[in-house]
Protein chains: 2
Amino acid sequence: MQDGTFLSLDYPNVTTSKRGDVFARNCPTRQLLDRVGDKWSILLLGMLGEGEMRFSALKRRVDGISQKMLAQTLRTLERDGLITRHVEPTVPVSVTYAITPLGRELLGALQWLIDWAETRMSAVAQAQVAYDLRMAV
Amino acid sequence: MQDGTFLSLDYPNVTTSKRGDVFARNCPTRQLLDRVGDKWSILLLGMLGEGEMRFSALKRRVDGISQKMLAQTLRTLERDGLITRHVEPTVPVSVTYAITPLGRELLGALQWLIDWAETRMSAVAQAQVAYDLRMAV
DNA sequence: CCATCAGGTTTCTAATGGAAACCAAGTGTG
DNA sequence: CACACTTGGTTTCCATTAGAAACCTGATGG
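Here goes a summary of the coordinates provided. What you see is a predicted model; the values in this text were computed from it and never measured. Per-chain numbering applies: the sequence of each chain, read as written, is numbered from 1 onward. As a convention, the first chain written is A and the first ligand written is 1, with the rest following in written order. It should be noted that, the model being predicted, local features are given only for residues of pLDDT at least 70 and side-chain atom pairs only at 80 or more, the latter also being counted only at that level, while totals for whole chains, interfaces and linings use all residues. Neither water nor hydrogens contribute to the side-chain values; these are computed over all heavy atoms in the structure.

## Some words on the interface of chain B and chain A
Stated precisely, the cut-off is as follows: When checking whether two residues touch, look at their non-hydrogen atoms; a contact exists if any pair is within 4.5 Å. Accessible area, probed at 1.4 Å, shrinks when two parts are joined; the buried area is that loss added up over both. Salt bridges are identified by distance alone: a Lys or Arg side-chain nitrogen within 4 Å of an Asp or Glu carboxyl oxygen. Polar contacts, as counted here, are pairs of nitrogen or oxygen atoms within 3.5 Å of one another; within protein the pair requires one atom able to donate a hydrogen and one able to accept it, and residues that are adjacent in sequence qualify only if both atoms are side-chain atoms. A helix here means a DSSP run of H or I that spans at least four residues, while a strand means a run of E at least two residues long, and both kinds are numbered starting from the N terminus. Here the term charged refers only to Asp, Glu, Lys and Arg, the term nonpolar to Ala, Val, Leu, Ile, Met, Phe, Trp, Tyr, Cys and Pro, and the term polar to all other amino acids, Gly among them.
If you look at the interface, chain B gives 61 residues, while chain A gives 61 residues. Interface area, chain B with chain A, both sides summed: about 6,100 Å², of which 59% is carbon and sulfur. One can count six salt bridges joining chain B with chain A. Linking E105 of chain A and R120 of chain B is a salt bridge whose minimum nitrogen-to-oxygen distance equals 2.8 Å. Taken together, chain B and chain A are joined by 15 residue pairs in polar contact (both at pLDDT 80 or more). Mapped by element, the contributors of at least two residues to the side of chain B that touches chain A are α1 (3-6), α2 (28-36), α3 (39-48), α5 (67-79) and α6 (101-136) of chain B. With 21 residues, the single largest contributor to the side of chain B that touches chain A is α6 of chain B. Residues belonging to the side of chain B that touches chain A are distributed by class as follows: 30 nonpolar, eleven polar and 20 charged.

This is the structure in structure tokens:
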């Protein structure tokens, strides 16, 4: 990875940018981060990776998510083609969400992140303690 | 990935949790997402992955970051042991940030995400257009 | 004596997130 | 008939956060 390939200074009014301009506003990675860079998107995608699930089940099982953020995030994920929404006209209506192949691809890429967290977050916690001690002097 | 291993309902007052409880508040992945789940952390880590860099250089090259968020995010990353901060007592003072081995590990895991974005964000964009057309009817 | 540099911090405002209330449609209950 | 209850949301309101811009520090050159 060299300087000129991974970076760019100004990158105005571009919707498709060449590989590697990760720090410019309109590069694919920035678009991804602006969209699913939040924890609820990632957690919901992970959840639906286990199998389709209804709104209320998602709400129960993704610890701490508000109904508003759940609805909002699901709609964004659906719009992005990462999940599908299926309405069954029962009474009361039941709505099922499922991951798409595209979503599953993304989840695959996220799995490395999850694995890293599982094994290395303890090191991060340690680093925090050390930092706080240094700064408390 | 099965139901009981990846999930958990309530997970109160736990700082170390067993592998896989990705949706509980105190699992490692949630901790990671709460911390470096924001785009600035990821972008700065990616930037410093290319080599050490000074505050002003980071500000110039990470498109759109404010000075406040830059300072704030760098301090969090330093506290987490993902980057280091070195002050050279020149005049004016020059401060250099560099990635740590731990940070580089995390960056490695993030690379899969970046790669996915580079190749598949166009599919996401397409899905958006299709969704907006469906909904406009 | 003032402007300039890097590397921040402070201040103020705009946008966002979360909690809780509300809603719609249909069904069961007294 | 009136009322409560279900799911899957939306709305409202308030607290937190992000961002823009001004300010600060300390030495140095004009």
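Resuming the write-up.
## Regarding the protein's contact with DNA strand D
To keep it simple, the criterion reads: Definition of nearness: a residue and a molecule or strand are near each other if at least one heavy atom of the residue lies within 4 Å of the molecule or strand.
DNA strand D sits among 20 residues. The nearest are Q67, R85, V95 and Y97 of chain A together with K68 of chain B. Interatomic distance of 3.1 Å between a side-chain N/O atom of R75 of chain A and a phosphate oxygen of DNA strand D. K68 of chain B places a polar side-chain atom, nitrogen or oxygen, 2.7 Å from a base oxygen of DNA strand D. Within the residue set of the surface near DNA strand D, elements represented by two or more residues are α4 (55-61), α5 (67-79) and β3 (94-99) of chain A together with α5 of chain B. When residues of the surface near DNA strand D are assigned to their parent elements, the largest contribution, four residues, is made by α5 of chain A. Here the surface near DNA strand D is built from residues that sort into ten nonpolar, five polar and five charged.

## Some details on the side chain of S41 of chain A
Residues and elements named next belong to chain A. Along the polypeptide, S41 turns up in helix α3 (residues 39-48). Within polar-contact distance, the side chain of S41 engages the side chain of D38 at 2.8 Å. Not counting residues up to four positions away in its chain, the partners in contact with S41 are R35, V36, T73 and L77.

## Structural notes on the relation of the copies chain B and chain A
To be explicit about the condition: What sets the superposition is a least-squares fit of C-alpha atoms, and only residues with pLDDT of at least 70 in both copies go into it.
Superposing chain B onto chain A takes a rotation of 180° combined with a translation of 0.0 Å along the rotation axis, leaving an RMSD of 0.0 Å. In the structure described here, the two chain copies are related by an operation that fits a two-fold rotation axis.

## So, the side chain of T100 of chain A
All names here are of chain A. For clarity, the threshold we go by: Each residue is placed in one exposure class: buried if its accessible area under a 1.4 Å probe, protein chains only, is under 20% of its type's maximum, exposed if it is over 50%, and partly exposed if it falls in between.
Structurally, T100 is set in the loop between β3 and α6 (101-136). A relative accessible area of 12% means that T100 is categorised as buried. A polar contact of 2.7 Å, which involves the side chain of T100, links it to the backbone oxygen of G81. In contact with T100, not counting residues within four places along its chain, are G81, L82, I83 and T84.

Scope: geometric values only; no functional claims are made or implied.
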